[in-house]
Amino acid sequence: MHILFAASEAVPFIKTGGLADVVGELPQYLVKSGNKVSVVLPKYKSINSELLEDSKLVKYFDVYMNNAKLYAGIIHLFKDGINYYFVDNESFFYRDQIYGYDDDDSRFGFFCLSIMEMISHLKLDVDVIHANDWQTGPLAMLYYERYHQYPYYENIKWVFTIHNPAYQGLFDKNVVSRIFGLDMNLYHNGTLRFKDAFSFLKVGIVYANKITTVSPTHAKELLEPEYAHGLENVIRLRSQDLVGILNGIDYKKYNPLTDSKIGVNYRNSYRKKLLNKKALQEQCHFKVDENIPLVAIVSRLTWQKGIDLIVPNIENLINKGIQLIVLGSGDKQYEDDLRYFANKFPQSVYAYIGFSDELAHQIYAGTDILLMPSLFEPCGISQMIALRYGTIPLVRETGGLSDTVIPYNEYTGEGNGFSFRNFDYKDLSIVLDYALKQYNNKDVWNLLFKNALKSNYSWNQSSKKYLELYKSL
Ligand code: GLC
């Protein structure tokens with residue numbers, strides 16, 4: 001089977017969020033099970049050119065859009081068994097950021113049109129196209145409204161994955177004809193209309209053969225207004241075709257036994273993990289003391305991630321006697337606030353604003369508790385990485401966090417973490433106090449450490465579920 005992934009980001013080329021991890025990793029597992037896999041991305045300025053050293057331009061053609069004839073180049077790279085295609089047009093993609101421009105409708109509309117054109121220009125024999133999030137939502141719409149009866153397009157099946165329903169790609173209705181060359185009737189009769197605009201995300205949901213999201217709990221949440229951000233009615237109409245498949249993490253990249261980014265490798269030894277904690281406390285200029293709970297946040301700093309529960313309460317948190325490390329970037333206000341608190345309380349708060357893969361690994365290895373109080377979390381990746389390193393997640397019960405973090409039960413000894421339900425600081429604080437009480441009982445904490453290491457969220461299982469889904473189409 002030939003599966004083509006279409007997305008706006010994928011590791012190792014370009015990443016702003018978890019979407020990049022999924023599109024970077026899932027294809028590798030599908031290749032391993034004997035499938036042909038291709039991935040198509042925009043050719044952004046910020047892709048490290050060393051990664052593209054062996055790539056070459058294989059085709060160029062015109063794309064008609066905005067009343068103009070626009071250049072589209074297709075650059076091909078074969079790497080680790082996967083065909084990567086990069087859509088090149090410097091006026092759209094040679095910019096400092098990858099999202100957030102006034103013409104994002106044209107930029108990603110162009111990306112979608114170029115992918116559709118590429119299929120016949122390269123005579124790609126694809127069975128399934130797996131599109132992801134709003135940037136690639138219109139692909140299936142273009143297929144069913146414009147391309148499906150032409151040679152090279154017959155019998156393509158469509159999967160669309162919602163990684164984040166809060167980003168809906170909402171643009172003026174004129175996109176329908178101006179960019180996609182479709183009849184405005186499709187808008188006026190409601191098919192393409194959403195909130196009196198055109199939504200890239202909504203059309204992905206309407207036209208795909210199957211819709212997935214990244215955890216079973218989030219698949220249920222998407223039927224409710226609280227989580228579907230206005231899309232609940234559209235999604236309910238397609239609920240028969242909606243499935244939740246949990247993301248995995250890369251068990252080779254995140255392996256405490258072989259990880260070269262951490263000081264001391266370990267498998268089941270809690271003592272060795274504590275040596276990583278010591279190194280981290282030194283690095284942060286904290287007091288080095290294995291009995292002080294070291295708590296981490298590794299996250300994009302945005303409202304979705306529950307940073308609102310942390311920043312205003314930071315003094316209360318550190319008064320519980322913890323040391324707090326934050327790694328991430330995002331909204332400027334949160335970044336400034338965290339820098340301020342790190343300056344004010346250098347013995348208890350350390351903030352690295354930005355991203356460092358090396359420090360991320362050291363945090364997963366060296367901390368005791370990972371905090372993830374997300375307002376919503378379709379899957380979440382950090383909590384699964386934390387578990388892999390025996391770091392105990394404390395999460396809000398939502399989406400993939402509910403599916404991966406099983407609250408500790410002091411009567412049965414089961415569980416690999418802690419969780420709270422209501423999105424407020426009081427609940428978080430009560431559960432953190434409870435976790436810290438368990439932390440002081442070394443037998444309990446050892447048990448939690450072992451339970452965490454036993455949790456298994458690798459791509460092996462998840463990629464099998466995707467394959468079954470593709471085959472069922
Ligand atoms: C989005 C979601 C996150 C998920 C990721 C990958 O970033 O917010 O929960 O893990 O996509 O699917």
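Preceding block: the structure.
Reference entry: report on the structure contained in this document. Note that the structure is predicted; figures quoted are calculated from it, not measured.

### Some points on the layout of surface pockets
Moving on, step 1. Size it by volume and the second largest pocket reaches roughly 170 Å³.
Moving on, step 2. Around the second largest pocket, the lining residues are Val11, Pro12, Gly24, Glu25, Gln28, Lys79, Asp80, Tyr84, Asp250, Lys252 and Lys253.
Moving on, step 3. In terms of residue count, the dominant contributor to the lining of the second largest pocket is helix H1 (residues 18-32) (three residues).
Moving on, step 4. Class assignment for the residues of the lining of the second largest pocket results in three nonpolar, two polar and six charged.

### Overview of a nonpolar patch on the surface
Moving on, step 1. Where nonpolar side chains cluster on the molecular surface, the patch consists of Leu57, Tyr60 and Tyr71 and spans about 330 Å² of accessible area.
Moving on, step 2. Within the secondary structure, Leu57 sits in strand E3 (residues 56-65).
Moving on, step 3. Taking relative accessible area as the criterion, Leu57 reaches 44% and is therefore assigned partly exposed.

### A closer look at helix H4 (residues 138-147)
Moving on, step 1. Across the ten residues of H4, seven count as buried, placing the element largely inside the fold.
Moving on, step 2. For H4, the secondary structure elements touched by its buried residues are strand E1 (2-6), helix H3 (104-121), strand E6 (128-132), strand E7 (157-162), strand E10 (197-199) and helix H7 (200-207).

### Points about the packing of H3 against H4
When two helices pack together, their arrangement is given by the angle between their axes and by how far apart the axes lie.
Moving on, step 1. Running from N to C, H3 and H4 point in directions that differ by 55°, and their axes come no closer than 10 Å. Considered as vectors, H3 and H4 are oriented oblique to each other. Here the hand of the crossing between H3 and H4 comes out right-handed. The segment H3 lies against H4, with Cys112, Leu113, Ile115, Met116 and Glu117 engaging Pro138, Leu139, Leu142, Tyr143, Arg146 and Tyr147.
Moving on, step 2. Residues belonging to the contact of H3 with H4 are distributed by class as follows: nine nonpolar, no polar and two charged.

### Here we look at the sheet that holds strand E9 (residues 193-194)
Moving on, step 1. On the basis of which strands lie adjacent, the open sheet formed by three strands has the order E8-E10-E9 and antiparallel pairing. Both edges of this open sheet fall to strand E8 (170-171) and E9, since each of them pairs with a single strand only.
Moving on, step 2. Taken together, the two bridges between E9 and E10 define a ladder with antiparallel strand orientation. Of the residues in E10, the one forming a bridge with Arg193 is Phe198.

### Concerning the side chain of Asn35
Moving on, step 1. As for its position among the elements, Asn35 is in the loop between H1 and strand E2 (36-42).
Moving on, step 2. For Asn35, a relative accessible area of 12% corresponds to the buried category.
Moving on, step 3. A polar contact is formed between the side chain of Asn35 and the side chain of Ser33, at a distance of 3.5 Å.
Moving on, step 4. When residues no more than four places from it in sequence are discounted, the contact partners of Asn35 are Met1, Ile3, Leu30 and Leu467.

### Concerning unusual backbone geometry
Moving on, step 1. Pro12 follows Val11 through a cis peptide bond whose omega is 5°.
Moving on, step 2. Tracing the backbone through its elements, the reader meets Pro12 in the loop between E1 and H1.
Moving on, step 3. For Asp133, which is not glycine, the phi dihedral falls at a positive 60°.
Moving on, step 4. Structurally, Asp133 is set in the loop between E6 and H4.
Moving on, step 5. You will see that His285, though not glycine, has its phi angle at about 60°, which is positive.
Moving on, step 6. Relative to the helices and strands, His285 resides in the loop between helix H11 (270-283) and strand E13 (294-298).
Moving on, step 7. On the basis of relative accessible area, His285 is assigned to the exposed category, the value being 68%.

Rules of the game
- Residues numbered from 1 in each chain as written.
- Predicted model: local features only at pLDDT ≥ 70, side-chain atom pairs only at ≥ 80, totals over all residues.
- Heavy atoms only, no water.
- 1 Å grid on protein atoms, 1.4 Å probe; cavity = no way out; pocket = protein on both sides within 12 Å on 5 of 7 lines; lining within 4 Å.
- Points joined across faces, edges and corners; volume = space filled by probe spheres on them.
- Helix = DSSP H or I, 4+ residues; strand = E, 2+ residues; numbered from the N terminus.
- Nonpolar A, V, L, I, M, F, W, Y, C, P; charged D, E, K, R; others polar.
- Patch = residues over 30% accessible without salt bridge, like charges linked within 9 Å, V, L, I, M, F, W, Y side chains within 5 Å.
- Areas by Shrake-Rupley, 256 points an atom, 1.4 Å probe, with all protein chains shown as cover.
- Salt bridge = Lys/Arg side-chain N within 4 Å of Asp/Glu carboxyl O.
- Buried < 20%, exposed > 50% of the residue type's maximum accessible area, 1.4 Å probe, protein only.
- Contact = heavy atoms within 4.5 Å.
- Axes fitted to C-alpha atoms, helices over the stretch in contact; angles between N-to-C directions.
- Parallel < 35°, antiparallel > 145°, perpendicular 65-115°, else oblique.
- Left-handed = near helix turned anticlockwise from the far one by under 90°.
- Pairing = 2+ DSSP bridges.
- Polar contact = N/O pair within 3.5 Å; in protein donor to acceptor, adjacent residues only side chain to side chain.

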